[in-house]
Structure formats: C-alpha cells, structure tokens
Amino acid sequence: MTIHSHPTTPFAGQKPGTSGLRKKVRVFAQPNYAENFIQSVFDVVERAPGATLVIGGDGRFHNRVVIVQAIRMAAANGYGRVLVGQGGILSTPAASHVIRKYGASGGLILSASHNPGGPDEDFGIKYNIANGGPAPEAVTDAIFARTQTIDRWLAVPGEVDLDRLGTNLVGDMTVAVIDPVADYAELMESLFDFAAIRRAVAGGFTMAFDAMSAVTGPYAVEILERRLGFAAGTVRNGTPLEDFGGHHPDPNLVHARELYDAMMAPDAPDFGAASDGDGDRNLIIGRHRFITPSDSLAMLAANAHLAPGYAGGLKGIARSMPTSAAADRVAKALGIPCFETPTGWKFFGNLLDAGKVTICGEESAGTGSDHVREKDGLWAVLLWLNILAVRGVSVDALAREHWAKFGRNYYARHDYEAVDSAAANALIAELTQALPSLPGRVVGPLTVAAADSFSYTDPVDGSVSAGQGLRVLFACGSRIVFRLSGTGTEGATLRVYLEAYSATDIDRETPAMLADLIAAAEAIAGIARHTGRTRPDVVT
Ligand code: G1P
Ligand code: ZN
C-alpha cells in the first residue's frame, strides 16, 4: 500500500461548534481544508488498529467529493474497514445506529443539518464516537488543537464507486458500500407496533410527510409507504437533492410552510410531519393542531409505554435548558428524574450511556431515545403514529387532554439571523454583566425573580460546561433565555427563547400569551439597540 504524505499548513477557525465543523462549501472546497480537519480527527481519536469507520452524509452538494477523499485518508491512517452508505447517503440517526450495530470506533457524518445546500451554501463534518453519538467537548477540543498544528495529511490512491452495493479494497482497507435504509428500518420495526399502525392506516388514518428534498426521503418511503401501507404520495419531496430544491431543509413553521398550510386546510390528513437535511429533526402537526417540539417531548414521554420498545417505562427524561419545562411535569408525574443539559445533542450521550435517561429532546425540533445516540426525526414520527394508533385519538384530542392534566407551557423561539458578530457579542456581554442586578426589576406586569448564566456539570463524568445561555426567570414562572447559535455560518444568530406557563388557561393563542415576555426581552437586553433589528427573522 502506497501512502502519500501531503504537506499542509493550518487553517484558522476549524473549531467544531454545537454540531461539528460547519462552513460554506467554498471554504470546505479550498485545497487541504477538509483534509486538514479529517486528518486532525484521525490523529487524535481513539481506536484499535484495523478499526471500522462509518462514513455517510445527507447528500448535499460536495458530499461525494469529501466522502471519497475521507475513504482514501482512512485507508492511509490504519483503519481496517469503512462502511459507507450507498450514494454517500446515511441519515444522522442511521449513521449512529450503524456505528453501534457494527462496533465501529466512530464515524464521519457529512452534513450541515437544516442549513441550505449547494455551491454557495453550507457544508459540515462531524465526528461521532463509538457509542454512536457526537464527540464530547474533550474530543472536539483535541481535534481543534490538532488543526492548529497540522503539517501533513495522509492518503492512498484509489477510487470507490459509491453507487454500487458491495465490498471493495482501497489500499489494504475494506470499503463496504451498504444499503443506507435497511438497518435503520429494521431497528424501527423492533421498537414500534407496526401492526397497530398498519391497522390504523387500513382503517382510513392518513398522513403527509415532507422529506424536504433531503435525506429522509428514501427512509420515509420504505417505512411509511412500503412497510406501514400509507398511500403512495404520502411522502412529499422524497428525492434527496444536492441543493434541497433551493429550500432550507428545516422543519419549522417558516420553512415547512406548505405542510403547515396543508394541515390547517379543511381536508387535512390526520397527521403531518417533516424532517430536516440529515434526518435528525422532526416537525409534528396534527390536523388543525401544531405541536411545539417541547410539548412533543412531554407528550411522547407521557405515552411512550404504549410502544413495545418502551413498554417497560422510562428511566428518566433529559431536555436542553432552553426547551420548555413541559417534560419536567411529566417526569414528576411518572416519578422519574428530569435532567437539564446545555444545547446540543452531545450532552445527552453520557446520560444515555449511563442508563439515566431513556428519552431526550430539544426545543429545536429534536427528539430521540436510547436506541441511538442522535436525535431521530423518523423515530419521533413513528412513536407518535404508534401512540395515536393504539389510543385511537386525534393529535388535537391528545394535546388537550395532556394540557388539561399538566397545564400548558406556551412557547416560542425568536431568531435574529446574520447579525453583526460584534453587536451580538456586545449584547450578551452587557446582559451578562447586568445579571446580578436584575432580580427584583419590574418590567411591565413581570418581576424578575432570578437571572444567571447557565453552567452544567455532567452528572456522569463531572465535566463542567459554562456560558451555555443567559436565563431570566420571572416570579410568575415565566422565563426568557438568550443565547448565541453555535451552528450558524454567517455572522451571529441571536436566539431568544420565551416560555409562559398556565395551569388552567390551556386554550389561548401563543403570541398573546407571550406578548409581555417579548416586550420584557427587548427592555432587558436592548435587542434593537444592539442589533438594529426590531423583529426576529424566524419565529418557531
Ligand atoms: C441548533 C439548535 C440545537 C441543536 C443544534 C444541532 O444549535 O439550537 O438545539 O442541537 O442546532 O441541530 P444552535 O444553532 O442553537 O447552536
Ligand atoms: Zn439535523
């Protein structure tokens, strides 16, 4: 085997964010850029000689180029085997499952998730460890440190036909091109009562699934249409496109507007759902009823025992800090612990591995369980379908019943995108300084009860992650959280999370319930003064 050593010099800024390294395609396409990052991964991550590496991506523009290069590099760096999805495709949850199922030492997931794709858009690389989950901060910090000193990357010559299933050799390394859907579909069948869902479908239950021209198309067609019997055409935008048809593959009320409109129409199907670029996010909309991701987590947790995979009950629930406290109320009723972690799925890994929690979720449309170590869009859809099929109720009825029992956490997130980074940093710095003086301050009808910067101590390994968002808690139980996105590729994105709880008032409109909080956010943080913006770009 001929190993070529290519001299290189470090690039600034190869620091993985909330979810891996994300940059514009034109940044990634510079000579040595992707290679430096991948070599830095190979230089620092733990593995035995001859280990297995999983590689897959969401099919976006530049995916194939980087995959083939990563395979050549893996061979030169002593891996014994690469498992790669056919066509370079593996959804993020499917990649997590394949890593776990085949005992791989880790995986490279090529995706920028819900960010747009195409020559002028975004690309990303994320490393997942042997448990199938995103590398923890200790690993990403080591990778980043390595990117700053790197002076060569290694590769062997060789080509791979990513479209042909089967096994090849690149250098001395085996490359197995695998069916990206089969293992994942089998896992879903093992968790959910497919027979009950099939019966509901035969009885007239209908749904619409928007794959947003992204990676979940083939998974959804196989599972929903072929295995569960939903009508052909249930899966919309089911062919993965390199530019996602020019859309943001982000399943929220802005970018999945067509689905939302279809679900609010008089002839809406019973159930609507969507997933994002790499298949880990989900959007749930019942006929005439949108379910916030925070509520979805709580409702799934309250009913999960109806699915065979969770019939034994839940060990605990975890949610990211900005996610609403709706799940906490369910945990309390079930007598199980609820953990509050920083934003980003990587913080759930230890809790899942230690058997402390079964179900996790984030307000950003991420829900999942201990079946893999990533959030999982189709998993959430299937758990909803399983619950609705067993209970024979509509989404709206289930939600109303839930709120009647637990009260309702009215919730919204306001995003200010592509804000000048200096301005966004100044806002956060100023607010951080003001935190100690906020308690007691009266803003309209609200009184600040407490304010802090969220710091998390991992209960499993004791590691501390500080500076994870600014929290302002009001005496009435309402809350505002401010934080800057760690996944954006242009300037800064300010996220403002608003939450108001009512035990009895469960049938109000969310904007009205949050109006005082929105005014308070402006008064407390000076969003317009710092950013020049008077309204958010995206409300979810
Ligand atoms: C966003 C979400 C976060 C999610 C991440 C990856 O990160 O807020 O919950 O885990 O994308 O999908 P952010 O841009 O806020 O750092
Ligand atoms: Zn995603």
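The coordinates are above.
Undergrad: Account for the overall build of the protein, with residues named and values stated.
TA: Along the protein, the regular secondary structure elements total 17 helices and 27 strands. Its C-alpha radius of gyration of 23 Å places the protein within 12% of the 24 Å reference for a compact globule of 540 residues. With the C-alpha coordinates of the protein rotated into their principal frame, the extents come out at 70 × 60 × 40 Å. Relative to its 540 residues, the protein shows a buried fraction of 59%. Partitioning the intrachain contacts of the protein with sequence separation of at least 6 by distance along the chain shows that 72% fall at a separation of at least 24. Each charge sign in the protein was given a centre, from 47 positive and 58 negative side chains, and these centres are 3 Å apart.

Undergrad: Summarise the sheet that holds strand 9 (residues 173-178); cite the residues concerned and give the values.
TA: Taken together, the seven strands give an open sheet; going across it, the order is 2-6-5-3-4-9-8, and neighbouring strands pair in mixed fashion. Either end of the sheet is taken by a strand with one partner, and the two such strands are strand 2 (21-24) and strand 8 (166-170). Strand-to-strand, the axes of this sheet are offset by a mean angle of 20°, without reference to chain direction. Two elements, strand 2 and strand 6 (residues 122-129), share four bridges in a ladder whose sense is antiparallel. Following the sheet pairing, Lys23 is matched in strand 6 by Phe123. Relative to strand 5 (residues 106-110), helix 4 (residues 92-101) is tilted by about 165°, and along the sheet it contacts strand 3 (52-57), strand 4 (81-89), strand 5, strand 6 and strand 9.

Undergrad: Could you give an account of the side chain of Lys375, naming the residues involved and the relevant values?
TA: Along the chain, Lys375 falls in the loop between strand 18 (366-369) and helix 13 (377-391). Aside from chain neighbours lying at most four places away, what touches Lys375 is Pro93, Asp280, Arg281, Trp345, Glu362, Gly366, Thr367 and Gly368.

Undergrad: An account of the site of ligand 1 is needed here, citing residue identities and associated values.
TA: Neighbouring residues of ligand 1: 14 residues in total, closest Ser364, Arg483, Gly486, Thr487 and Arg495. One of the backbone N or O atoms of Gly486 is found 2.6 Å from an oxygen atom in ligand 1. With respect to ligand 1, the side chain of Thr487 contributes an N or O atom lying 2.5 Å from an oxygen atom. Protein chains bury 98% of the 380 Å² of accessible surface belonging to ligand 1 in isolation. Counted by class, the shell around ligand 1 contains no nonpolar, seven polar and seven charged residues.

Undergrad: Kindly report on the packing of helix 10 (residues 293-303) against helix 14 (residues 395-406), identifying the contributing residues and their values.
TA: Interaxial distance between helix 10 and helix 14 falls to 11 Å at its minimum, and their mutual angle equals 85°. When the axes of helix 10 and helix 14 are compared, the pair comes out roughly perpendicular. Here Asp295, Ala298, Met299, Ala302 and Asn303 of helix 10 come into contact with helix 14, specifically with Leu398, Ala399, His402 and Trp403.

Undergrad: Account for the coordination of the zinc ion (ligand 2), with residues named and values stated.
TA: For the zinc ion (ligand 2), the full set of protein donor atoms is Ser113 (OG), Asp276 (OD), Asp278 (OD) and Asp280 (OD), at a range of 2.0 to 2.1 Å. Here the zinc ion (ligand 2) binds four donor atoms, and the angle range of 84 to 164° at the metal identifies the geometry as irregular. Its relative accessible area of 3% is what places Asp278 among the buried residues.

Undergrad: Provide a residue-level description of the pattern of salt bridges, including the pertinent values.
TA: Taken as a whole and assessed by the stated rule, the structure comprises 37 salt bridges. Here Glu186 and Lys101 are joined by a salt bridge, their closest N and O atoms 3.7 Å apart. Separated by 85 residues along the polypeptide, Glu186 in helix 6 (residues 182-191) and Lys101 in helix 4 bring together distant segments of the chain. We note a salt bridge from Arg508 to Asp505, for which the minimum N-O separation is 2.8 Å. Look at Arg508 and you get partly exposed, because its relative accessible area is 38%. Where salt bridges share partners, they join Arg319, Asp328, Glu340, Asp452, Arg471, Arg479 and Glu499 into one cluster.

Rules used throughout
Residues numbered from 1 in each chain as written. Chains lettered and ligands numbered in written order. Predicted model: local features only at pLDDT ≥ 70, side-chain atom pairs only at ≥ 80, totals over all residues. Heavy atoms only, no water. Helix = DSSP H or I, 4+ residues; strand = E, 2+ residues; numbered from the N terminus. Rg over C-alpha atoms; globule rule 2.2 N^0.38 Å. Buried < 20%, exposed > 50% of the residue type's maximum accessible area, 1.4 Å probe, protein only. Contact = heavy atoms within 4.5 Å. Lys, Arg positive; Asp, Glu negative; His and termini not counted. Charge placed at Lys NZ, Arg CZ, Asp CG, Glu CD. Pairing = 2+ DSSP bridges. Axes fitted to C-alpha atoms, helices over the stretch in contact; angles between N-to-C directions. Near = heavy atom within 4 Å. Polar contact = N/O pair within 3.5 Å; in protein donor to acceptor, adjacent residues only side chain to side chain. Areas by Shrake-Rupley, 256 points an atom, 1.4 Å probe, with all protein chains shown as cover. Nonpolar A, V, L, I, M, F, W, Y, C, P; charged D, E, K, R; others polar. Parallel < 35°, antiparallel > 145°, perpendicular 65-115°, else oblique. Donors = N, O, S within 2.8 Å, 3.2 Å for Na, K, Ca; no water. Tetrahedral: all angles 85-135°; square planar, octahedral: opposite > 155°, others 65-115°. Salt bridge = Lys/Arg side-chain N within 4 Å of Asp/Glu carboxyl O.

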